[in-house]
Amino acid sequence: MTQPRSAPMPAGLRRAARHPAYDVRCPHCGAAEKARCTTISGRHTKTVPCPARLAAHATATAVCTTCQTAPGYPCHDDGVQRPDSSPVHAARYTEALGDAA
């Protein structure tokens, strides 16, 4: 029996675990769950999730420690809805990644 020509791939070079935000449908580009984000035209895939997908994941899975909102509810500033430019507090992003790790 002959040996294969290539050596096995070291564990350090294998593909890293996917970002947990891929469990949520992307509201920006429309990428399905478990699928990578694409450009709006759908021709090219992105290497990182869209910021809107990251915000949707944080809203769906984490409690915001800044405004004390439950998962599934958007963040607010003293009862006023946050602007579209920053819909989620930074602490909520951290909570969402901490829960997934």
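If you're wondering where the values come from, they're calculated on a predicted model, not measured in any experiment.

What counts as what
Positions within a chain are numbered from 1, following the residues in the order the chain's sequence is written. With pLDDT at 70 or above as the cut-off, local features in this predicted model cover only qualifying residues; side-chain atom pairs require 80 or more to be listed or tallied, and sums for whole chains, interfaces and linings still use all residues. Hydrogens are left out, water is left out, and the side-chain values use all remaining heavy atoms of the structure. Going along the chain from the N terminus, every DSSP run of H or I of four or more residues is numbered as a helix, and every run of E of two or more is numbered as a strand. Restricting the calculation to C-alpha atoms gives the radius of gyration, and the globule rule supplies 2.2 Å times the number of residues raised to the power 0.38. A 1.4 Å probe rolled over the protein chains alone gives each residue an accessible area, and that area as a share of the maximum for its type sets the label: buried under 20%, exposed over 50%, partly exposed in between. Between two residues, a contact is recorded if the distance between any of their heavy atoms is within 4.5 Å. Accessible surface area values rest on a Shrake-Rupley calculation with a 1.4 Å probe, where residue burial reflects the displayed protein chains alone. Within this scheme the basic residues Lys and Arg register as positive and the acidic residues Asp and Glu register as negative, but His and the chain ends are omitted. Charged groups are reduced to one reference atom each: NZ for lysine, CZ for arginine, CG for aspartic acid, CD for glutamic acid. Buried and open spaces are told apart on a 1 Å grid over the protein atoms alone, a cavity being a set of points where a 1.4 Å probe fits but cannot get out and a pocket being an open set with protein on both sides within 12 Å along at least five of seven lines. Residues with an atom within 4 Å of a point are the lining residues. Grid points are joined across faces, edges and corners, and a volume is the space filled by probe spheres set on the points. The predictor rates its confidence in each residue with pLDDT, a number between 0 and 100. Definition used for salt bridges: Asp or Glu carboxyl oxygen within 4 Å of a side-chain nitrogen of Lys or Arg.

Novice: So what exactly am I meant to see when it comes to the overall build of the protein chain here?
Specialist: Counting its regular elements, the protein chain contains 2 helices and 2 strands. Each helix and strand of the protein chain, ordered N terminal to C terminal, gives the series α-β-β-α. Taking 2.2 N^0.38 as the reference for a compact globule, 101 residues should give roughly 13 Å; the C-alpha atoms of the protein chain span a radius of gyration of 18 Å, well beyond that estimate. Judged by the C-alpha coordinates and their principal axes, the protein chain covers about 70 × 30 × 15 Å. Residues counted as buried form 26% of the 101 residues belonging to the protein chain. Partitioning the intrachain contacts of the protein chain with sequence separation of at least 6 by distance along the chain shows that 39% fall at a separation of at least 24. On the protein chain, roughly 7300 Å² of surface is accessible, and the fraction owed to carbon and sulfur atoms is 57%. In the protein chain, which carries 12 positive and 7 negative side-chain charges, the distance between the mean positions of the two groups comes to 19 Å.

Novice: I keep staring at the layout of surface pockets and nothing clicks. Help me out?
Specialist: A water-sized probe rolled over the atoms picks out the places where empty space is left. Size it by volume and the largest pocket reaches roughly 170 Å³. If you trace the largest pocket, you find it lined by R15, A16, A17, R18, H19, Y22, R36 and T47.

Novice: Just checking my understanding: could you explain the confidence of the model for the protein chain for this structure?
Specialist: In regions of low pLDDT, the predicted coordinates are not meant to be interpreted in detail. Per-chain confidence: the protein chain averages 87 in pLDDT, with 93% of residues scoring 70 or above. Mean pLDDT across the elements of the protein chain bottoms out in helix α2 (residues 90-100) (84) and peaks in helix α1 (residues 51-61) (94).

Novice: Please explain the pattern of salt bridges as it appears in this structure.
Specialist: When the charged atoms of two side chains lie near each other, side chains of opposite charge can form a pair. Taken as a whole, this structure holds 2 salt bridges when the rule is applied. Linking K34 and D23 is a salt bridge whose minimum nitrogen-to-oxygen distance equals 2.7 Å. Remark: D23 occurs in the segment before α1 and K34 occurs in the segment before α1; sequence separation between them is 11 residues. You can call D23 partly exposed: its relative accessible area is 42%. With its nearest N and O atoms 3.1 Å apart, the salt bridge here joins R82 to D77. By relative accessible area, R82 is classed as buried at 14%. Given the relative accessible area of 35%, D77 is considered partly exposed.

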